[in-house]
Amino acid sequence: MTEQQPIFRALADPTRRDILKMLHGTDMTIAQVAENFEMTRAAVKKHLTVLSDGGLITVRAQGREKLNTLNPNAFAPVLDWLSFFDAFWDDRLDALKSAIEKDTQ
């Protein structure tokens, strides 16, 4: 498994993407995250584990509770990967624009 695969696996699920959005503004316990979904705490914990394995969140103990925190720095490899395709499409669209402009003259 390559270094980036756990990140993409974590981002592949819409529930996990929703959890990341929730964690954007605040740290949350498993119970707080679970309140927002119609699933068991155990299912939410599995999602949080995948997010943690992907490095997208960190988990720290605070008393008896575990707080889940968004790790925004973990998104850098994803942005790097996407930027390759952004440049690809910029080149393709520029070529299309040139072809259209050439045909209209």
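Residues numbered from 1 in each chain as written. Predicted model: local features only at pLDDT ≥ 70, side-chain atom pairs only at ≥ 80, totals over all residues. Heavy atoms only, no water.

A.B. asks: Tell me about the packing of helix α2 (residues 14-23) against helix α4 (residues 41-53), residues and numbers included.
C.D. replies: At their nearest, the axes of α2 and α4 sit 10 Å apart, and the two run at 75 degrees to each other. Comparing their axes, α4 and α2 come out roughly perpendicular. Of the residues in α4, those in contact with Thr-15, Arg-16, Ile-19 and Leu-20 of α2 are His-47, Leu-48, Val-50 and Leu-51. Its residues assigned to classes, the contact of α2 with α4 shows five nonpolar, two polar and one charged. (Axes fitted to C-alpha atoms, helices over the stretch in contact; angles between N-to-C directions. Helix = DSSP H or I, 4+ residues; strand = E, 2+ residues; numbered from the N terminus. Parallel < 35°, antiparallel > 145°, perpendicular 65-115°, else oblique. Contact = heavy atoms within 4.5 Å. Nonpolar A, V, L, I, M, F, W, Y, C, P; charged D, E, K, R; others polar.)

A.B. asks: How would you sum up a negative patch on the surface? Please name residues and give values.
C.D. replies: A contiguous patch of negative charge on the surface is contributed by Asp-86, Asp-90, Asp-91 and Asp-94. Along the chain, Asp-94 falls in helix α5 (residues 76-104). (Patch = residues over 30% accessible without salt bridge, like charges linked within 9 Å, V, L, I, M, F, W, Y side chains within 5 Å. Areas by Shrake-Rupley, 256 points an atom, 1.4 Å probe, with all protein chains shown as cover. Salt bridge = Lys/Arg side-chain N within 4 Å of Asp/Glu carboxyl O. Lys, Arg positive; Asp, Glu negative; His and termini not counted. Charge placed at Lys NZ, Arg CZ, Asp CG, Glu CD.)

A.B. asks: Pulling in residues and values, what's your account of α4?
C.D. replies: Because each turn of an α-helix spans 3.6 residues, side chains separated by three or four positions in sequence point in the same direction. Between its first and last C-alpha atoms α4 spans 18 Å; for 13 residues at 1.5 Å apiece the expected length is 18 Å, and the two agree. Residues of α4 that are buried include every one of Val-44, His-47, Leu-48, Val-50 and Leu-51, and no others. Angular distribution of buried residues about the axis of α4 spans 155 degrees; they occupy a single face of the element. Pointing more than 90 degrees away from the buried face of α4 are the exposed residues Ala-42, Lys-46 and Asp-53. Looking at the buried positions of α4, the neighbouring elements they touch are α1 (5-11), α2, α3 (30-34), β1 (57-62) and β2 (65-70). Of the residues one or two after α4, Gly-55 is the one with positive phi, at around 80 degrees. (Expected span 1.5 Å × (residues − 1). Buried < 20%, exposed > 50% of the residue type's maximum accessible area, 1.4 Å probe, protein only. Arc of directions from axis to C-beta.)

A.B. asks: Talk me through the pattern of salt bridges; I want residue IDs and the actual numbers.
C.D. replies: Applying the stated criterion to the full structure yields one salt bridge. The salt bridge partner of Arg-60 is Asp-27, with a shortest N-O separation of 3.2 Å. One end of the pair, Arg-60, is in strand β1; the other, Asp-27, is in the loop between α2 and α3, with 33 residues separating them in the sequence. The class for Arg-60 is partly exposed, based on a relative accessible area of 40%. When its relative accessible area of 29% is taken as the criterion, Asp-27 is described as partly exposed.

A.B. asks: How would you summarise the pairing of β1 if you had to cite specific residues and measurements?
C.D. replies: It is a general feature of regular strands that their side chains alternate between the two faces of the sheet. Strand direction decides the pairing type here: β1 and β2, joined by six bridges, are antiparallel. Considered in β2, the bridge of Thr-58 is made with Thr-69. Count of turn residues in the β1/β2 antiparallel hairpin: two residues, of which Gly-63 carries a positive phi of about 65 degrees. (Pairing = 2+ DSSP bridges.)

A.B. asks: How would you explain the side chain of Asn-68 if you had to name every residue and give the values?
C.D. replies: Among the structural elements, Asn-68 can be located in strand β2. The class of Asn-68 is buried, set by a relative accessible area of 2%. Not counting the four nearest positions on each side in its chain, Asn-68 is found in contact with Leu-23, Thr-26, Asp-27, Met-28, Thr-29, Ile-30, Leu-48, Ile-57, Thr-58 and Val-59.

A.B. asks: How would you sum up the side chain of His-47? Please name residues and give values.
C.D. replies: Mapped onto the elements, His-47 comes out in helix α4. Other than its neighbours up to four places away in sequence, His-47 contacts Asp-13, Thr-15, Arg-16, Ile-19 and Met-39.

All quantities given are derived from atomic positions and should not be read as evidence of function.
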